[in-house]
Amino acid sequence: MDSAHKTTVYIPTNLTLRLLRLLVGIAAFLFLFYTAGHYFAGWPFPTPLDLLRIASAVALGGLLGLVYSRFWPLPPKPGLERIFRIFFMLLPALLFGYALQVLLGANQALSLILPLSAWLGSGLIIRLPEEGQNSPAKSAK
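Calculation rules
- Residues numbered from 1 in each chain as written.
- Predicted model: local features only at pLDDT ≥ 70, side-chain atom pairs only at ≥ 80, totals over all residues.
- Heavy atoms only, no water.
- Phe/Tyr/Trp six-rings, centres within 6.5 Å; stacked < 30°, edge-to-face > 60°.
- Salt bridge = Lys/Arg side-chain N within 4 Å of Asp/Glu carboxyl O.
- Helix = DSSP H or I, 4+ residues; strand = E, 2+ residues; numbered from the N terminus.
- Buried < 20%, exposed > 50% of the residue type's maximum accessible area, 1.4 Å probe, protein only.
- Patch = residues over 30% accessible without salt bridge, like charges linked within 9 Å, V, L, I, M, F, W, Y side chains within 5 Å.
- Areas by Shrake-Rupley, 256 points an atom, 1.4 Å probe, with all protein chains shown as cover.
- Polar contact = N/O pair within 3.5 Å; in protein donor to acceptor, adjacent residues only side chain to side chain.

*Asks:* Even after reading the chapter, I still don't get the packing of aromatic side chains, so can you show me in this structure?
*Replies:* Aromatic ring pairs are described here by two measures, namely the spacing of the ring centres and the angle between the planes. Under the definition given, this model contains seven aromatic pairs. Counting every residue linked through ring pairs, the aromatic cluster contains F29, F33, Y34 and W43.

*Asks:* Explain the pattern of salt bridges here, please?
*Replies:* Charged atoms that come close allow side chains of opposite charge to pair. This structure, assessed with the given rule, holds two salt bridges. Close ionic contact of R53 with D50 constitutes a salt bridge, the shortest N to O distance being 3.2 Å. Of the two residues, R53 and D50 both sit in helix α2 (residues 48-71), three residues apart, roughly one turn of that helix. Relative accessible area serves as the criterion here: at 14%, R53 is assigned to the buried category.

*Asks:* Explain a nonpolar patch on the surface here, please?
*Replies:* Side chains of L80, I83, F84, F87, F88 and L91 sit close together on the surface and give an oily, nonpolar patch of about 630 Å² of accessible area. Take I83: it is sitting in helix α3 (residues 80-104).

*Asks:* How should the side chain of R85 be read in this particular structure?
*Replies:* Take R85: it is sitting in helix α3. Engagement of the side chain of R85 in a polar contact is seen with the backbone oxygen of W72, the distance being 2.8 Å.

So, in structure tokens, the structure goes:
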């Protein structure tokens, strides 16, 4: 492979910490969302098993997004490639979410939680632009 076709990617040095912070943040928001839903909408109060289901969907989705982004990094500029990338990532994520919801017998929307965390987790690895373009790695620091 010659240097004209070589693609370089920006992988943060603290990728594990960033992913962990992202997943904890998503899970904390969803815990609060379902707890607030109990008080304001009359939903059943989330049990520890419900919280475990939500946390497992968030973790699986984040890991799926990270693995996906390793094979197809986020393009440096918005455009059709980003749209196709999201489309091809969310279809399997939705299927995994539905399977997880059926296997765990959850009443939460695990089929939507998993693709959401996969989408958010897939933006951690960015493909750098070609020579002469601005680098998104500089703005990400």
